[in-house]
Amino acid sequence: MSDCRSMFLNECITIVRDRGENYGPPAEHFGLTINMINSLFADRLKVPLEPGDWATMMMLDKIARNQHEHKRDNCLDIAGYAACLQQVADECDTCNCDPNNCEGAD
């Protein structure tokens, strides 16, 4: 892997670690957000959204922002949200919980 890509991914790791310390585990934080969205749009949704859906939505938002103007931060955030999406999926696969109320694996 090129040094440029490795440096980028290392920067992403630092950002993801810092955000986790500030906001808590993705499944927990995204679960709070998605529960608010589910409440707000309950009459419009066919099925409730899950915490991992928030990571997907945020990646789409970053892609849309990047189409307007490329910024390194957009790419860092996309990579970070992809990592969070995978962490949420891994935790819910491990703990077999309700993804709308996931507290992660023990």
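My aim in this report is to walk through the structure given alongside it, one point at a time.

Rules behind the numbers
Residues numbered from 1 in each chain as written. Predicted model: local features only at pLDDT ≥ 70, side-chain atom pairs only at ≥ 80, totals over all residues. Heavy atoms only, no water. Helix = DSSP H or I, 4+ residues; strand = E, 2+ residues; numbered from the N terminus. Contact = heavy atoms within 4.5 Å. Core = buried A, V, L, I, M, F, W, Y, C linked by side-chain atoms within 4.5 Å. Buried < 20%, exposed > 50% of the residue type's maximum accessible area, 1.4 Å probe, protein only. Expected span 1.5 Å × (residues − 1). Arc of directions from axis to C-beta.

**Points about the side chain of Asp 77**
When you line up the elements, Asp 77 lands in helix 4 (residues 72–95). The contact partners of Asp 77, leaving out residues within four places of it in the chain, are Arg 19 and Lys 62.

**Some thoughts on the nonpolar core**
Core analysis: the biggest nonpolar cluster contains 13 residues, and Phe 30, Ile 34, Ile 37, Trp 54, Tyr 81 and Val 88 have the highest contact counts within it. Where this core is concerned, the elements lending two or more residues are helix 2 (26–40), helix 3 (51–68) and helix 4.

**Digging into helix 1 (residues 3–23)**
Each full turn of the α-helix corresponds to 3.6 residues, which orients residues three or four apart in the same direction. Taking 1.5 Å per residue as the helical rise, helix 1 with its 21 residues ought to reach 30 Å, and the 30 Å between its terminal C-alpha atoms agrees with that figure. Those residues of helix 1 lying buried are Phe 8, Cys 12 and Ile 15. Along helix 1, the residues classed as buried sweep out an arc of 65 degrees about the axis, all on the same side. Residues Asp 3, Met 7 and Glu 21 are exposed on helix 1 and point more than 90 degrees away from its buried face. Downstream of helix 1 by a residue or two, Gly 24 has a phi angle that is positive, lying close to 90 degrees.

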